[in-house]
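Chain residues, written in single-letter form:
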Amino acid sequence: MTGRPFIVAIDGPAGAGKSSASRLLAARLGFALVDTGAIYRTVALAASRQGIAFDDDARLAALIPTLQIRFAPPAAPGGAQQVLLGGEEVTQAIRTPPMSLGASAVSARPVVRDGLLELQRRLALAPENRGAVLEGRDIGTVVFPDADLKIFLTASERQRAQRRFAELQQKGDPSTLEQVLEDQRRRDRNDSERAVAPLKPAADARILDSSELDLAWVVAALAGEVEARLSARGSRK
Ligand code: DC
């Protein structure tokens, strides 16, 4: 039995360190990395380019099957992986503030969430993957309720806002820490109170607080656990 790829779900609110943890873990294990937030962002980008309103369910539903969204290895070693829409690289274009808002809006539409389920599963379960790390909000609850390992990564509200504030400052954005905090509260409320797939830990998720833990240590511990479980699986073949 070869079995399906080993699935690691990493969910949690914005700014908890999910991206770094997922990237490091996937690189260490040689697993595929599926950044599901990037997928929602790419839908928002395609919709805005085609003049489709973020709440136009009929047109969003028709748009999604026409999109070819893929990930490619980073252009430089250690960098972020590339996001491709058709043949175009959109890695930067999806990270602007309007696309953050757009992704938040389209991700609240059930037609969009349903329309993206198959793509997320297909990217993770590709036969060439030994395993996959999926980063998102509803991976352990909806996309892969039977994931092999579920992590819910969180951090204090202030720490998350401070991390985001530092990132924005580096990009020359003039927002104040208070504005970032306010924005974050609004997004947290949207994400956790929406009717479909709200942000909440799966009952069997391990909850880790990155304000209290060293991320490198967490990644090393998780990688060790995954390797041990993979070799136990291998010896049961
Ligand atoms: O993680 P991110 O900031 O790139 O995510 C962009 C938006 O997409 C964010 O508002 C939350 C939403 N999202 C979601 O609803 N479900 C996911 N699995 C991933 C992201």
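The coordinates are above.
Given the structure is predicted, the values throughout are model-derived calculations rather than measurements.

Reading the values: the criteria
- For every chain, the first residue of its written sequence is number 1, and the numbers climb from 1 along that sequence.
- Confidence filtering applies because this is a predicted model: local features only for residues at pLDDT of at least 70, side-chain atom pairs given and counted only at 80 or more, and all residues used for totals across whole chains, interfaces and linings.
- The basis for every side-chain value is the complete set of heavy atoms in the structure, and neither hydrogens nor water enter the calculation.
- Joining through side-chain atoms within 4.5 Å is the link that ties buried Ala, Val, Leu, Ile, Met, Phe, Trp, Tyr and Cys residues into a set, and such a set is a nonpolar core.
- The buried label applies to any residue whose accessible area, calculated with a 1.4 Å probe on protein chains only, is under 20% of its type's maximum; exposed applies above 50%, and partly exposed to all values in between.
- Numbering goes from the N terminus for both helices and strands, where a helix is a DSSP run of H or I of at least four residues and a strand is a run of E of at least two.
- By the convention used here, residues are in contact when the closest approach between their heavy atoms is within 4.5 Å.
- Whether two aromatic rings pair depends on their centres lying within 6.5 Å, for rings of Phe, Tyr and Trp, where Trp uses its six-membered ring; planes under 30 degrees apart make the pair stacked, over 60 edge-to-face, and the rest tilted.
- The pairing criterion is simple: DSSP has to find at least two bridges between the two strands.
- Cavities and pockets were defined on a 1 Å grid built from protein atoms only: a cavity is a group of points that admits a 1.4 Å probe but offers it no way out, a pocket is an open group of points flanked by protein on both sides within 12 Å along at least five of seven lines, and a lining residue is one with an atom within 4 Å of any such point.
- Grid points are joined across faces, edges and corners, and a volume is the space filled by probe spheres set on the points.
- Here the nonpolar group is Ala, Val, Leu, Ile, Met, Phe, Trp, Tyr, Cys and Pro; Asp, Glu, Lys and Arg are the charged ones; every other residue, Gly included, is treated as polar.
- In this description, a line fitted to the C-alpha atoms serves as the axis of each element, helices being fitted only across the stretch in contact, and the angle between N-to-C directions of two axes falls anywhere from 0 to 180 degrees.
- One heavy atom within 4 Å of a molecule or strand is enough for the residue carrying it to be called near that molecule or strand.
- In protein, a polar contact requires one atom able to donate a hydrogen and another able to accept it; more generally it is a pair of N or O atoms within 3.5 Å, and residues adjacent in sequence count only if both atoms are side-chain atoms.
- Accessible surface is estimated by sampling points in the Shrake-Rupley manner with a 1.4 Å probe; for residues, cover comes only from the protein chains shown.

**A look at the nonpolar core**
- Counting residues in each nonpolar core, the largest one holds 36 residues, and the members touching the most others are Val43, Val112, Leu116, Leu134 and Phe144.
- For this core, the leading source of residues is helix H2 (residues 36–49), giving eight residues.
- Other than its neighbours up to four places away in sequence, phenylalanine 144 contacts Arg4, Ile7, Gln120, Arg121, Ala124, Leu125, Leu134, Ile139 and Lys150.
- In this structure, Val8, Leu33, Ile151 and Leu215 belong to the second largest nonpolar core, which totals 23 residues.

**Digging into the packing of aromatic side chains**
- For the coordinates displayed, the defined rule picks out one aromatic pair.
- With a centroid separation of 6.3 Å and an interplanar angle of 45°, the aromatic rings of phenylalanine 6 and phenylalanine 31 are classed as tilted. Here phenylalanine 31 lies in the loop between helix H1 (18–29) and strand S2 (32–35) and phenylalanine 6 lies in strand S1 (residues 6–11), a separation of 25 residues in the sequence.
- Taking relative accessible area as the criterion, phenylalanine 6 reaches 2% and is therefore assigned buried.

**Remarks on the pairing of S1**
- Within S1, six of the six residues are buried, which leaves it mostly tucked inside the rest of the structure.
- Side chains of S1 alternate between two faces, with Phe6, Val8 and Ile10 and Ile7, Ala9 and Asp11 buried alike.
- Where S1 lies against strand S6 (residues 131–136), six bridges are found, and the strand directions are parallel. Bridged to alanine 9 within S6 is leucine 134.
- Across four bridges, S1 lies against strand S7 (residues 149–154) in parallel orientation. Pairing of isoleucine 10 across the sheet is with isoleucine 151, part of S7.

**Some thoughts on the layout of surface pockets**
- Taken as a whole, the second largest pocket encloses approximately 480 Å³ of empty space.
- Mapped by element, the contributors of at least two residues to the lining of the second largest pocket are H1, S2, strand S3 (69–72) and helix H5 (110–125).
- Sort the elements by how many residues they give to the lining of the second largest pocket and H1 lands first, with four residues.
- By residue class, the composition of the lining of the second largest pocket is 14 nonpolar, four polar and four charged.

**Overview of the environment of alanine 32**
- Locating alanine 32 in the fold gives a position in strand S2.
- The sequence separation of alanine 32 and glutamate 128 amounts to 96 residues, and the corresponding C-alpha distance is 9.3 Å.
- For alanine 32, the residues in contact, after removing those within four places along its chain, are Ala26, Asn129, Gly131, Ala132 and Val133.

**Focus: the sheet that holds S1**
- Read across the sheet, five strands follow the order S2-S6-S1-S7-S8 without closing on themselves; strand pairing throughout is parallel. Each edge of the sheet is formed by a strand with only one pairing partner; in this case those strands are S2 and strand S8 (206–209). When the angles between neighbouring strand axes are averaged without regard to direction, this sheet yields 20°.
- With four bridges connecting them, S2 and S6 associate as parallel partners. Note on S6: the bridge partner recorded for valine 34 is leucine 134.
- Along the sheet, H2 contacts S2 and S6; its crossing angle with S2, the most-contacted strand, is approximately 45°.
- Its contacts with the sheet place helix H9 (residues 215–236) against S1, S7 and S8, and it is angled at close to 170° to S7.

**Details of the site of the ligand**
- Taken together, 15 residues lie near the ligand, and Arg41, Arg113, Arg137, Asp138 and Arg194 sit nearest.
- Taking serine 107, its side chain carries an N or O atom lying 3.4 Å from an oxygen atom of the ligand.
- In this structure, aspartate 138 approaches the ligand through a side-chain N or O atom, which is 2.9 Å from a nitrogen atom.
- Relative to its unbound accessible surface of 450 Å², the ligand loses 95% to contact with the protein.
- For the shell around the ligand, the secondary-structure elements that each account for two or more residues are H2, helix H4 (97–106) and helix H8 (177–193).
- Broken down by element, the shell around the ligand gets its largest block of residues, four residues, from H2.
- Along the lines of polarity and charge, the residues of the shell around the ligand split into two nonpolar, five polar and eight charged.

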